[in-house]
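What follows is the residue order along each chain.
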Amino acid sequence: MKDFSFVTNSHPSYIESLYSDFVKDPSSVDPELKKFFEGYDFAINSENGAATTTSPSDSGAAVSGTQLAKELGVFRLIRSYRKRGHLIATTNPIRERKDRHAQLDLAHFGLSDADMDTTFSSGASVGLKNATLKDILAKLKRVYAGDVGIEYTYINDQDTCEWVENHFEAMMEQNLSIEQKKRILLKLNEGVMFEKFLHTKYIGQKRFSLEGGESVIAALDTVINHAADELSEEHSVKEVVIGMAHRGRLNVLANILKKTYEQIFSEFEGNAPADTTMGSGDVKYHLGFRSNIATPKGNEVNVQLTPNPSHLEVVDPVVAGFARAKTDILYNKEPDRVLPILIHGDAAIAGQGVVYELLQMSKLHGYRNGGTIHFIINNQIGFTTDFDDARSANYCTSIAPMVDAPVLHVNGDNPEAVVKAAMLAVQYRQVYNGDIFIDIVCYRRHGHNEGDDPSFTQPKLYNLIKKHANPREVYTKYLLSNGEPDAKKLAQDMEKRFWDDLQERLDEVKEQPLPYTLQAPEQAWKSLRHSKPEDFDASPKTAITKKQVEQLFNVLMDIPEGFKPLRKIKKLIDDKIKLYKDKGEIDWATGELLAYASIVADGNKVRMSGQDVERGTFSHRHSVLHDEDTNEMYNRLSNASPDDPNAFKVYNSLLSEFAVLGFEYGYSIADPNTLTIWEAQFGDFANGAQTVIDQYIVSAETKWRMMSGLVLLLPHGYEGQGPEHSSARLERFLQLAAEYNIIVTNITTSANLFHMFRRQLTWDFRKPLINFSPKANLRHAGSYSKIEDFTTGGFKEVIDDSAIKAPTKVKRVLLCSGKIYFDLLEKQEQEKRTDVAIIRLEQIYPLPTKQLNELKAKYKNAEWVWVQEEPRNMGAGSYLFMYPENFNIDSFVTRPPSAASATGFAKNHLAQQQTIIDEAFNVK
């Protein structure tokens with residue numbers, strides 16, 4: 001609201017004149033003043049029994065400027081409490097709040113204590129018709145400055161803003177039922193006693209306890225039950241997907257997802273799960289879990305907690321993508337059915353840029369999933385860093401207004417307030433399908449972990465925490481002092497029963513896990529297996545028939561009647577048709593689209609996203625066409641699937657690598673029968689998503705036995721475009737390659753690209769694939785393939801030199817990968833060299849050792865030289881050099897070692913490139 005202090009401080013006659021202007025023409029005054037005058041008229045006329053369309057002056061009521069100024073002051077007071085009351089709300093359970101200069105004292109609104117017993121009609125806007133200022137102020141403090149503070153007035157849509165306002169005010173005045181209070185006490189008891197038990201039995205072990213924030217358990221319990229039980233069938237939730245970091249994770253697993261205590265205790269003992277047949281595993285507070293939860297009213301909710309590494313917020317986009325996939329696959333794109341919940345730490349949500357990226361994605365067509373409920377376990381400290389040093393904003397949630405997401409700041413020692421906030425959050429998310437934040441201000445009883453002493457850096461704060469009762473004790477005391485005399489006995493009985501139960505489970509009295517029914521995509525995952533080394537000796541057959549090639553080619557090249565593509569695009573398509581008909585060849589872009597078309601024709605799905613992927617950064621793909629006159633869009637693969645025109649989905653992403661790749665990874669782990677693809681604008685930019693690559697893509701199968709068939713397309717190749725547009729950092733992926741965790745390819749033909757994509761879904765296991773894609777060579781005639789290359793065989797890990805007729809006379813074999821092959825081939829053909837063979841390594845990892853050794857026997861008199869465009873300290877050379885037992889290379893031809901990946905000067909680039917080519921053919 002605008003500050004109208006200049007009005008209330010003006011002479012009464014000025015205010016009278018404003019009101020007079022309003023009576024004559026309501027549109028002549030400021031909209032905020034108009035709203036005030038309308039409310040004032042309504043209240044006065046209601047009091048006088050007059051029609052609401054009649055102004056007080058018409059009905060004979062005297063209107064004074066002084067009276068109006070006071071009324072306007074009260075109106076401003078109410079609006080200001082709604083906007084800034086959160087700044088003085090009693091949300092901190094441990095210490096006094098920092099003064100944020102809320103400017104809510106009466107004098108700021110032209111009011112004083114002398115007005116406390118005066119009746120004001122403006123109170124009607126908070127449900128207090130003709131109430132005294134004293135009563136109005138008491139309600140404002142109770143609702144907006146109590147144990148919950150709300151930020152919402154920045155919401156641009158007026159209806160949404162009013163919905164939040166009305167529902168919040170009603171919710172804060174609502175009294176919970178005795179059953180709800182018992183449920184809160186039960187969940188607090190479970191949360192507190194679980195931590196107390198672990199602290200007693202496993203002294204000094206890291207568990208990242210929830211102590212101080214146990215109200216989170218009551219809040220999550222409320223969200224799940226409220227979402228499944230209390231909403232209409234139209235809005236009821238069937239699945240909940242949770243992402244969270246360490247703090248409270250074990251508590252959530254035990255008391256929300258019902259992971260058996262025996263499993264948790266076994267992990268504390270350091271025992272490996274019985275089904276671990278490969279991989280190193282992970283620590284207990286990173287693990288995921290899934291269960292079917294029965295609600296109090298007998299509904300069933302599928303609840304999944306995703307695995308999460310120590311890079312705290314990296315899980316956020318993974319959860320978002322996983323939830324979107326579930327919505328697409330199981331619920332016909334109905335976002336209300338799947339509810340994502342993210343649990344953040346205050347320092348992480350304020351400091352990690354991926355949160356901003358995620359929020360920017362939240363309403364975009366390719367990434368929206370119906371809104372996320374964000375819980376912040378606000379420790380008021382990050383490891384040892386005070387919040388004053390952890391953020392510049394007032395709140396750790398100050399990013400929320402960017403997407404008009406309401407924020408509820410709640411005192412963690414008031415579990416009833418936390419539960420009310422949780423109920424409101426569920427209702428808002430389901431009605432508006434938008435994000436909402438609940439900032440639970442609490443404390444961390446121990447240090448960053450249980451072996452850490454926080455008093456080293458925050459002695460004063462931790463002296464307060466040491467003396468502070470836990471949330472269960474605080475709530476029991478509250479119930480006793482607020483008319484619940486049985487609360488103490490109830491709490492004591494619960495404590496004894498729960499403690500005995502924990503002890504029995506620790507003593508290996510077995511607890512049966514909850515029954516779990518696999519969903520369709522989970523059954524599909526279960527039907528797959530983990531790979532074996534021999535799987536990579538040769539690829540499976542992935543060819544399609546010539547009839548299928550022709551049918552799908554025609555689908556790709558067909559343009560609907562009346563659709564007018566750009567003339568340049570029309571010529572491109574005509575050229576592809578001519579190439580196909582005249583020479584029986586398929587270019588790179590068509591080979592790629594043909595792969596997607598064949599996959600969806602088989603009944604599977606393809607999802608592709610990234611910056612500019614619809615057209616392709618290098619203007620080769622053109623999977624979506626735009627009408628020259630209307631800008632209408634046409635998906636060229638919409639007719640490839642006989643049953644689903646949306647089986648191929650392609651989305652231009654926001655300018656993000658981290659969040660978008662995380663989202664696509666999350667999507668890929670939800671369904672093994674969707675080929676999920678992320679393409680970098682330039683491969684160099686993948687380093688902006690390195691956390692997702694390191695923590696999930698290359699390691700998830702080893703850590704969590706979680707497969708993914710995600711494809712990364714990383715444009716790569718040295719063409720004189722400088723250090724930021726040359727290298728996709730092949731060496732980094734090869735350094736991360738082990739235990740058959742990923743596939744790394746660098747392909748030179750359209751047919752091999754076609755088979756590469758099809759192989760991803762043909763295998764009866766899934767592996768992430770990183771393909772180093774061409775840029776300029778997308779249009780190189782040497783990359784075109786004959787139709788028969790698509791109708792026979794499968795992916796070729798190695799391509800021999802077909803021009804060599806006498807292999808025993810070859811003195812040097814040039815082993816290379818990707819773009820440089822064409823430069824080498826050009827020199828070989830120009831000089832008609834028969835003493836040098838060029839072999840293409842199309843798959844670098846897993847290295848096709850068996851095939852290479854067969855070729856080595858074929859060229860038995862030759863030395864083998866690895867040739868690469870990259871500097872000596874980059875590319876695949878160092879990987880091959882490190883593992884001579886796999887395949888021994890005699891020598892290496894590369895650029896000199898370099899700190900930057902490429903030169904920024906075109907002449908230098910050409911000179912370096914020519915040196916590589918000349919040296920490669922310098923046979924001694």
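Notes on the structure in this doc start here. Everything numeric in this text was worked out from a predicted model, so none of it was measured.

The next point concerns the overall build of the protein. A tally of regular secondary structure across the protein gives 32 helices and 28 strands. Dimensions of the protein, computed from C-alpha atoms along their principal axes, come out at roughly 110 × 75 × 50 Å. By the burial criterion, 59% of the 924 residues in the protein qualify as buried. Of all intrachain contacts in the protein linking residues separated by at least 6 positions in sequence, the fraction that spans at least 24 positions is 80%. In the structure as shown, the protein presents an accessible area of about 37,400 Å², 50% of it carried by carbon and sulfur atoms.

In spatial order, the strands read β23-β25-β24-β27-β28; together these five strands make up an open sheet with mixed pairing. Looking at strand neighbours, the two that pair on one side only are β23 (798-799) and β28 (891-895), the edges of this open sheet. With five bridges connecting them, strand β24 (residues 812-816) and strand β25 (residues 836-841) associate as parallel partners. Paired with leucine 815 across the bridge in β25 is isoleucine 839. Those strands touched by helix α29 (residues 820-831) are β24, β25 and β27 (863-871), and its axis lies near 165° from that of β25.

This brings us to the side chain of histidine 344. Locating histidine 344 in the fold gives a position in strand β7 (residues 338-345). A distance of 2.7 Å separates polar atoms of two side chains, one belonging to histidine 344 and the other to glutamate 313. Within polar-contact distance, the side chain of histidine 344 engages the side chain of histidine 374 at 2.9 Å. The residues contacting histidine 344, other than those within four sequence positions of it, are Glu313, Asp316, Ile349, His374, Phe375, Ile376 and Ile377.

Axis separation between helix α13 (residues 353-361) and helix α23 (residues 658-668) bottoms out at 8 Å; the angle between their running directions is 70°. The pairing of α13 with α23 is recorded here as roughly perpendicular in orientation. Crossing of α13 over α23 shows right-handed handedness. Only Phe658, Ala659, Val660 and Phe663 of α23 make contact with α13, whose side of the interface consists of Val354, Glu357, Leu358 and Met361. Residue classes in the contact of α13 with α23 are distributed as seven nonpolar, no polar and one charged.

Quick look at the pattern of salt bridges now. As enumerated under the stated definition, the model contains 38 salt bridges in all. Aspartate 629 is paired through a salt bridge with lysine 564; the nearest N and O atoms lie 3.6 Å apart. In this pair, aspartate 629 is assigned in the loop between β15 (624-626) and β16 (633-635) and lysine 564 in the loop between α20 (546-557) and α21 (567-583), connecting sequence segments 65 residues apart. Taking the relative accessible area as the measure of exposure, aspartate 629 reaches 58% and is therefore exposed.

You can see lysine 583 is positioned in helix α21. The exposure class of lysine 583 is exposed, given its relative accessible area of 54%. Counting along the chain gives 203 residues from lysine 583 to lysine 786, while the straight-line C-alpha distance between them is 8.1 Å. When neighbours within four sequence positions are excluded, lysine 583 is seen to be in contact with Lys578 and Lys786.

Ile341, Phe375 and Leu408 are the most contacted members of the largest nonpolar core, which totals 95 residues. When residues of this core are assigned to their parent elements, the largest contribution, ten residues, is made by helix α15 (residues 415-432). In this view, isoleucine 341 contacts Leu220, Val223, Val240, Val241, Ile242, Gly243, Thr372, Ile373 and Phe375; residues no more than four positions away in its chain are not counted. Counting 84 residues, the second-largest nonpolar core is a separate cluster that includes Val338, Trp678, Ile693 and Ala728.

What follows concerns the environment of leucine 480. Among the secondary structure elements, leucine 480 is positioned in helix α17 (residues 471-481). By relative accessible area, which is 37% here, leucine 480 ends up partly exposed. When the C-alpha atoms of leucine 480 and lysine 467 are compared, they prove to be 21 Å apart, with 13 residues separating the residues in sequence. Every residue in contact with leucine 480, bar those within four places of it in the chain, is listed here: Pro485, Ala487 and Lys488.

Quick look at the packing of aromatic side chains now. Tallied over the full model, the rule gives 26 aromatic pairs. Each ring, one from tyrosine 596 and one from phenylalanine 648, has its centre 5.5 Å from the other, and the planes form 20°; the classification is stacked. Note that tyrosine 596 is positioned in helix α22 (residues 588-601) and phenylalanine 648 in strand β17 (residues 648-652), a separation of 52 residues in sequence. Owing to a relative accessible area of 1%, phenylalanine 648 belongs among the buried residues under this scheme.

About the cut-offs
- Residues numbered from 1 in each chain as written.
- Predicted model: local features only at pLDDT ≥ 70, side-chain atom pairs only at ≥ 80, totals over all residues.
- Heavy atoms only, no water.
- Helix = DSSP H or I, 4+ residues; strand = E, 2+ residues; numbered from the N terminus.
- Buried < 20%, exposed > 50% of the residue type's maximum accessible area, 1.4 Å probe, protein only.
- Contact = heavy atoms within 4.5 Å.
- Areas by Shrake-Rupley, 256 points an atom, 1.4 Å probe, with all protein chains shown as cover.
- Pairing = 2+ DSSP bridges.
- Axes fitted to C-alpha atoms, helices over the stretch in contact; angles between N-to-C directions.
- Polar contact = N/O pair within 3.5 Å; in protein donor to acceptor, adjacent residues only side chain to side chain.
- Parallel < 35°, antiparallel > 145°, perpendicular 65-115°, else oblique.
- Left-handed = near helix turned anticlockwise from the far one by under 90°.
- Nonpolar A, V, L, I, M, F, W, Y, C, P; charged D, E, K, R; others polar.
- Salt bridge = Lys/Arg side-chain N within 4 Å of Asp/Glu carboxyl O.
- Core = buried A, V, L, I, M, F, W, Y, C linked by side-chain atoms within 4.5 Å.
- Phe/Tyr/Trp six-rings, centres within 6.5 Å; stacked < 30°, edge-to-face > 60°.

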